[in-house]
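Chains, contacts and geometry: an overview
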Number of protein chains: 2
Amino acid sequence: MAEMVNVAVDAMGGDNAPAEIVKGAVEAINADKRVKVFLAGKEPVLKEELKKYSYDAQQLEIVHAPEVIETGEPPVMAIRRKKDSSIVKCMYLVKEGECDALVSAGSTGAVLVGGQVIVGRIKGVERPPLAPIIPNIEGVSLLLDCGANVDARPSQLLQFARMGSIYMESVIGVKNPRVGLVNIGVEEEKGNALTKEAYPLLKNCPEINFIGNVEARDIPFGKADVLVCEAFAGNVVLKMLEGVSDALVKKIKAGMMSSLRSKIGALLVKPALKQTLKDFSTEAYGGAPLLGLNGLVVKTHGSSKSVEIKNSILQCIAFKEQKINQKIKEQLVLED
Amino acid sequence: MAEMVNVAVDAMGGDNAPAEIVKGAVEAINADKRVKVFLAGKEPVLKEELKKYSYDAQQLEIVHAPEVIETGEPPVMAIRRKKDSSIVKCMYLVKEGECDALVSAGSTGAVLVGGQVIVGRIKGVERPPLAPIIPNIEGVSLLLDCGANVDARPSQLLQFARMGSIYMESVIGVKNPRVGLVNIGVEEEKGNALTKEAYPLLKNCPEINFIGNVEARDIPFGKADVLVCEAFAGNVVLKMLEGVSDALVKKIKAGMMSSLRSKIGALLVKPALKQTLKDFSTEAYGGAPLLGLNGLVVKTHGSSKSVEIKNSILQCIAFKEQKINQKIKEQLVLED
């Protein structure tokens, strides 16, 4: 029998904690025998929630964590002081090798800081990028970096491209993923100081399939599988994707309510529309990995429901079995 | 009788030149007696086009321009060498005061370079921003800078905010426009070096109605009337808006064709949907002004049809009558 994949789950993080997180954890272990979940949170609360479900008790362990990090708390301070919070407990489970990965829907700041400070970077990784999967008209792309650290260096963009390619190929299953540099024009000489310096580094890297600059206009059409940028641009891309989709859908729905004719039409197109919008939602694709750490840290949306938690936990199987971190280490040693 | 507004129109620039440009110019003069158009292009070609229409001959003058700047030409070189191209002729008409404004659907690079090199900046303006009007769910916002010069300084962002506020209030008619700084979080301390330095400058400027940081997610919901950012971020915002809208609409249309039921529904919602999409198209709102020059330079989409040309020409009336440049000069003198 293959080795178990141990995943620490922050049961107290996110808008729908603990109910949806616990539900997602149970769904994950019931879906795959290879997973064991370490559920961190207030023990009495979790026990109460778990009564609702049936599952193999060998696949779940409660890790008591009486403290809670509030949304407004400065992450660095919170991580340092609240050793008994669910998120910090999860971080230490990964750091000490008891777990392979952790999944949290809690404060992004706490996850990013805890990942770097407690779990720690793989030697040679300059900056661990947060890499959400985003939908496009053809499928999905990996967008990195969307983290909290802006103003990246060109050498960091190259590392993002290499780690992103490994993840996209081995975890998401896209062979020889096309890497694009997010830029304001397609020609090599276009862009700001960062993209101009990063372009030749990407172009001359034999380990990636670099296809050149990608304009934001082409991102939703799936022009590249791995989209490389620094975090300010990454945040704008991600948030525009979410904002424009939501605004346009709201406007289309209001437009459909404008006459009796269109109201009837709206009823008829509703099921098809619903499926389309589901495919194009950023929430449909599990969590965003924070790459380049000594273990996998997955940040899911604060609004995550059980399905996103479940998918994020199951994502960890491929991450372990495909030896992503070993591949990252091998590539980064070559780089020195 | 009020003074005429003289507008130079680049009849040879854009994908649909000269037919749609000439048509738009005629539509503009027929719509408003205050406008006189100076139509620059190859005289025989323009005369042939103009035969299709009836208009007051006193409102239109042909400016013969035998040369053409091709799409691929490096703009700086083209502007310098092709003195007899339609775009350069238009630039000189504005520089020499014969025209108040110019409208071009030609190469963005040539318009940006020509605007700065030939028309010239107002004294005190550090960098003239390209400021397209973008749709949001409530109406429109002005996004600046979307030009070719990236890596702006904080003091330039402050100027963008002030010029944008004047334009939005006096030309578009939004009283006391809300100015937002495009950023990756709403708190004052969020962002990159540029936004962190620009924030206090904007906050302490009494001439603008600064509402703080605006995340990209809130842009399509109309959270601010004037959106301030440097050109790399502005380009990503603009192109994501266009790309996500187009991709989502394509996907929705395909989804509606997936069953007989939804096909019938699609027929019924079509007129309502069409209006909604028209409201949310970046092409519906005339051209983007290049602010801070000694005259108004308006860049319209390369794909402009007559209606966009017409609207862009008519926009120039408010620009002149509201004395935008005088207001910009007054504010920028105060600044020193």
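On to the overall build of chain A. Secondary structure assignment for chain A yields 11 helices and 11 strands. Based on the C-alpha atoms only, the size of chain A along its principal axes is roughly 65 × 60 × 40 Å. In chain A, buried positions account for 57% of the 336 residues. In chain A, once contacts between residues fewer than 6 apart in sequence are set aside, the share between residues at least 24 apart is 72%. When the accessible surface of chain A is totalled, it reaches about 13700 Å², and 51% of it is carbon and sulfur. Taking the 42 positively charged and 41 negatively charged side chains of chain A as two groups, their mean positions are separated by 4 Å.

Quick look at helix 8 (residues 231-256) of chain A now. Residues and elements named next belong to chain A. With 26 residues, helix 8 should reach 38 Å at 1.5 Å per residue; the first-to-last C-alpha distance of 37 Å fits that figure. Of all the 26 residues making up helix 8, 22 are buried; the element is thus mostly covered by neighbouring parts of the structure. N-cap assignment for helix 8: the residue whose side-chain oxygen lies 3.1 Å from the backbone N of Phe232 is Glu230.

Attention shifts here to the interface of chain B and chain A. Taken residue by residue, the interface counts 53 residues in chain B and 53 residues in chain A. With both sides pooled, the region where chain B packs onto chain A buries about 4900 Å², and carbon together with sulfur makes up 77% of that total. For the pair chain B and chain A, the interface holds 6 salt bridges. The closest approach of N and O atoms between A:Lys239 and B:Glu215, which form a salt bridge, is 3.3 Å. Our count for the contact surface shared by chain B and chain A stands at 10 residue pairs in polar contact (both at pLDDT 80 or more).

With that settled, the discussion passes to the sheet that holds strand 11 (residues 296-299) of chain A. Residues and elements named next belong to chain A. If you trace the 6 strands from one edge of the open sheet to the other, you get 3-2-1-4-11-10, paired in mixed fashion. Only two strands of the sheet have a single neighbouring strand rather than two, namely strand 3 (60-64) and strand 10 (288-290). Neighbour to neighbour, the strand axes of the sheet diverge by 25° on average, direction disregarded. Relative to strand 4 (residues 101-104), strand 1 (residues 5-10) runs parallel, the two being bridged by 3 bridges. Its bridge partner being in strand 4, Val9 is matched across the sheet by Val103. Along the sheet face, helix 4 (residues 86-95) touches strand 1, strand 2 (35-41), strand 3 and strand 4 and points at about 160° away from the line of strand 1.

In the structure shown here, the tally under the stated rule is 4 aromatic pairs over all chains. An angle of 80° between the planes, with centres 5.2 Å apart, marks the rings of A:Tyr199 and A:Phe210 as edge-to-face. Of the two residues, A:Tyr199 sits in helix 7 (residues 193-203) while A:Phe210 sits in strand 8 (residues 209-215), which places them 11 residues apart along the sequence. Between the aromatic rings of B:Tyr167 and B:Phe319, the centroid separation amounts to 6.2 Å while the plane-to-plane angle is 50°, which identifies the pairing as tilted.

So, about the pairing of strand 1 (residues 5-10) of chain B. All names here are of chain B. Extensive coverage of strand 1 is indicated by the burial of 6 of its 6 residues. Side chains of strand 1 alternate between two faces, with Val5, Val7 and Val9 and Asn6, Ala8 and Asp10 buried alike. Looking at chain direction, strand 1 and strand 2 (residues 35-41) are connected through 6 bridges and run parallel. Looking at strand 2, one finds that Val5 is bridged to Val35.

Here we come to the relation of the copies chain B and chain A. Note on the copies: chain B fits chain A at an RMSD of 0.0 Å, the axial shift is 0.0 Å, and the rotation between them is 180°. Put plainly, the chains are arranged around a two-fold axis. It is B:Gly265 whose C-alpha, among those of chain B, lies nearest the rotation axis, at 1.9 Å.

A few words on the pairing of strand 3 of chain A. Residues and elements named next belong to chain A. Relative to strand 3, strand 2 runs parallel, the two sharing 5 bridges. Looking at the pairing, Val37 lines up with Leu60 of strand 3. On the question of chirality, the crossover connecting strand 2 to the parallel strand 3 by way of helix 2 (residues 43-50) is right-handed.

A:Ile219, A:Met240, B:Ile219 and B:Met240 are the most contacted members of the largest nonpolar core, which totals 63 residues. Contributing elements (two or more residues each) for this core: helix 8 and helix 9 (260-279) of chain A together with helix 8 (231-256) and helix 9 (260-279) of chain B. Ignoring anything within four residues of it in the chain, the contact list for A:Ile219 reads A:Ile134, A:Asn136, A:Val182, A:Val214, A:Leu227, A:Val237 and B:Met240.

What follows deals with unusual backbone geometry. Cis geometry marks the peptide bond from A:Ala17 to A:Pro18, where omega comes out at -5°. Counting through the fold element by element, A:Pro18 comes out in the loop between strand 1 and helix 1 (19-31). Even without being glycine, B:Asp151 reaches a positive phi, approximately 55°. Inspection of the secondary structure puts B:Asp151 in the loop between strand 6 (140-144) and helix 6 (154-172). By relative accessible area, B:Asp151 is classed as partly exposed at 45%. Look at B:Asn176: it is not a glycine, yet its phi comes out positive at around 45°.

Time to look at the packing of helix 4 of chain A against helix 5 (residues 108-119) of chain A. Residue and element names in this part refer to chain A. It is at 10 Å that the axes of helix 4 and helix 5 come closest, and there the two elements cross at 35°. Between helix 4 and helix 5 lies a crossing of right-handed hand. For the pair helix 4 and helix 5, contact is made by Ile87, Val88, Met91, Tyr92, Val94 and Lys95 and by Ala110, Val111, Gly114, Gly115, Ile118 and Val119, respectively. Of the residues that constitute the contact of helix 4 with helix 5, the class distribution is 9 nonpolar, 2 polar and 1 charged.

Calculation rules
Residues numbered from 1 in each chain as written. Chains lettered and ligands numbered in written order. Predicted model: local features only at pLDDT ≥ 70, side-chain atom pairs only at ≥ 80, totals over all residues. Heavy atoms only, no water. Helix = DSSP H or I, 4+ residues; strand = E, 2+ residues; numbered from the N terminus. Buried < 20%, exposed > 50% of the residue type's maximum accessible area, 1.4 Å probe, protein only. Contact = heavy atoms within 4.5 Å. Areas by Shrake-Rupley, 256 points an atom, 1.4 Å probe, with all protein chains shown as cover. Lys, Arg positive; Asp, Glu negative; His and termini not counted. Charge placed at Lys NZ, Arg CZ, Asp CG, Glu CD. Expected span 1.5 Å × (residues − 1). Polar contact = N/O pair within 3.5 Å; in protein donor to acceptor, adjacent residues only side chain to side chain. Buried area = accessible area lost by both parts, 1.4 Å probe. Salt bridge = Lys/Arg side-chain N within 4 Å of Asp/Glu carboxyl O. Pairing = 2+ DSSP bridges. Axes fitted to C-alpha atoms, helices over the stretch in contact; angles between N-to-C directions. Phe/Tyr/Trp six-rings, centres within 6.5 Å; stacked < 30°, edge-to-face > 60°. Least-squares fit on C-alpha atoms with pLDDT ≥ 70 in both. Right-handed = clockwise from strand over helix to strand, strands pointing away. Core = buried A, V, L, I, M, F, W, Y, C linked by side-chain atoms within 4.5 Å. Left-handed = near helix turned anticlockwise from the far one by under 90°. Nonpolar A, V, L, I, M, F, W, Y, C, P; charged D, E, K, R; others polar.

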